[in-house]
Amino acid sequence: MLVLAQISDLHLDGTPRATERARRVMDHLRALPGPVDALLVTGDIADHGAEAEYEEAAELLGLHDAGRPFPVLPCPGNHDSRGPYRKALLREPAGDGPVNRAHRVGGTAILLCDSSIPGADEGELDAETYAWIESELDALDGGTPVLLAFHHPPVALHHPLPDRYQLGRPRSLADLLDRRPEIVAVITGHAHTPASTTFAGRPLVVGPGVTWTLRLPWEGEQVADLDAPVGLAFHVLDDERRLTTHFRTV
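Reference entry: report on the structure contained in this document. (Residues numbered from 1 in each chain as written. Predicted model: local features only at pLDDT ≥ 70, side-chain atom pairs only at ≥ 80, totals over all residues. Heavy atoms only, no water.)

In this section: the sheet that holds strand E13 (residues 243-249). Reading across the sheet, the five strands line up as E3-E2-E1-E12-E13 and stay open at both edges, with mixed pairing between neighbours. Looking at strand neighbours, the two that pair on one side only are strand E3 (72-75) and E13, the edges of this open sheet. Across this sheet, the average inter-strand angle for adjacent strands is 25 degrees, counted without regard to direction. Across seven bridges, the pairing between strand E12 (residues 231-237) and E13 is antiparallel. (Pairing = 2+ DSSP bridges. Helix = DSSP H or I, 4+ residues; strand = E, 2+ residues; numbered from the N terminus. Axes fitted to C-alpha atoms, helices over the stretch in contact; angles between N-to-C directions.)

Tracing the backbone through its elements, the reader meets Thr19 in helix H1 (residues 16-30). A relative accessible area of 15% means that Thr19 is categorised as buried. Residues within four places of Thr19 in sequence aside, it is in contact with Leu12, Glu56 and Leu60. (Buried < 20%, exposed > 50% of the residue type's maximum accessible area, 1.4 Å probe, protein only. Contact = heavy atoms within 4.5 Å.)

Attention shifts here to the side chain of Asp225. Within the element layout of this structure, Asp225 appears in strand E11 (residues 224-225). The side chain of Asp225 sits in the buried core without any salt bridge; Arg215 is the nearest counter-charge, 4.2 Å away. Of the polar contacts made by the side chain of Asp225, one reaches the backbone nitrogen of Asp227; its length is 3.1 Å. A polar side-chain atom of Asp225 sits 3.2 Å from the main-chain amide nitrogen of Ala228. (Lys, Arg positive; Asp, Glu negative; His and termini not counted. Salt bridge = Lys/Arg side-chain N within 4 Å of Asp/Glu carboxyl O. Polar contact = N/O pair within 3.5 Å; in protein donor to acceptor, adjacent residues only side chain to side chain.)

Moving on to the sheet that holds strand E7 (residues 183-188). The mixed open sheet is built from six strands, whose spatial order is E4-E5-E6-E7-E9-E8. Of all strands in the sheet, those bounded by a partner on one side alone are strand E4 (101-105) and strand E8 (195-199). Pairwise comparison of adjacent strand axes, ignoring direction, gives a mean angle of 25 degrees for this sheet. With three bridges joining them, E7 and strand E9 (residues 202-206) adopt parallel strand pairing. Note that in E9 the partner of Val186 across the bridge is Leu204. Seen against the sheet, helix H4 (residues 127-139) touches E4, strand E5 (108-112), strand E6 (146-149) and E7 and runs at an angle of roughly 170 degrees to E5. Its contacts with the sheet put helix H6 (residues 170-179) on E6, E7, E8 and E9, and the angle it makes with E8 is roughly 70 degrees.

A few words now on unusual backbone geometry. A positive phi angle, close to 55 degrees, is found at Asp9, a residue other than glycine. Here Asp9 shows up in the loop between strand E1 (2-7) and H1. Residue Asp9 is classed as buried on the basis of its relative accessible area of 0%. A positive phi angle, near 70 degrees, is found at His158, a position not held by glycine. As for its position among the elements, His158 is in the loop between E6 and helix H5 (160-164). By relative accessible area, His158 is classed as exposed at 58%.

Take the nonpolar core next. Ranked by size, the top nonpolar core spans 31 residues in total, and within it Ile7, Leu10, Met26, Leu29, Leu39, Val41 and Leu89 carry the most contacts. Sorting the residues of this core by element identifies E1, H1, strand E2 (38-42), helix H2 (51-61), helix H3 (82-89) and E12 as the ones contributing at least two each. Ignoring anything within four residues of it in the chain, the contact list for Val41 reads Ile7, Leu10, Leu61, Val72, Leu73, Pro74 and Cys75. Within the second largest apolar cluster, 25 residues are counted, among which are Val155, Leu177, Ile183 and Val206. (Core = buried A, V, L, I, M, F, W, Y, C linked by side-chain atoms within 4.5 Å.)

Below, the structure written as structure tokens:
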């Protein structure tokens, strides 16, 4: 059994409010009686894509701490900037190509994909990313369960704000899932609301936001609930490859 925590949309901007909310959820995760196997951070880590924001994120997430209780696995969102993200968050040479990373956690492969389009709020998995996914899957034995994680949901969530900026060319993703039964679920962020649905016959889970929570049209005209508690998700992948998600607030 694999237990993953997920946080998303920290939007660190140097303000005390953003810092406190990120620190609150990380303190909660580190204090759990039983540690999770890994933490997914599904994009919009920084608000302006500045190096200082990523330096703060690396410290808050404990990304490079040798004694951290669990691996921290980030991917970019539309507010992130690839060069500063690589340099200040990952401590790698800056570059403009998609930031795609593969991780093995227990018996599960987790492919963290870059769905950002530099300079745009919309998302897309480009040809380079799809080729990378295929290559990573080819390197596995076909029997390894795979979780695909990125920022932009590939379906409408029934609010005009995230639906305006969802993943482009979803048919390409659906074709990939049709060819690759080892991909057992898709995990995203971006919408600032916890949600679960299906896509191409797979579970699709949208993690809640750390910085604020989206109010849906039937909840009132105010879009951003700034007073909502910090949200997070726990994903459990069992031996039958069934994904169960529990949402929490702190």
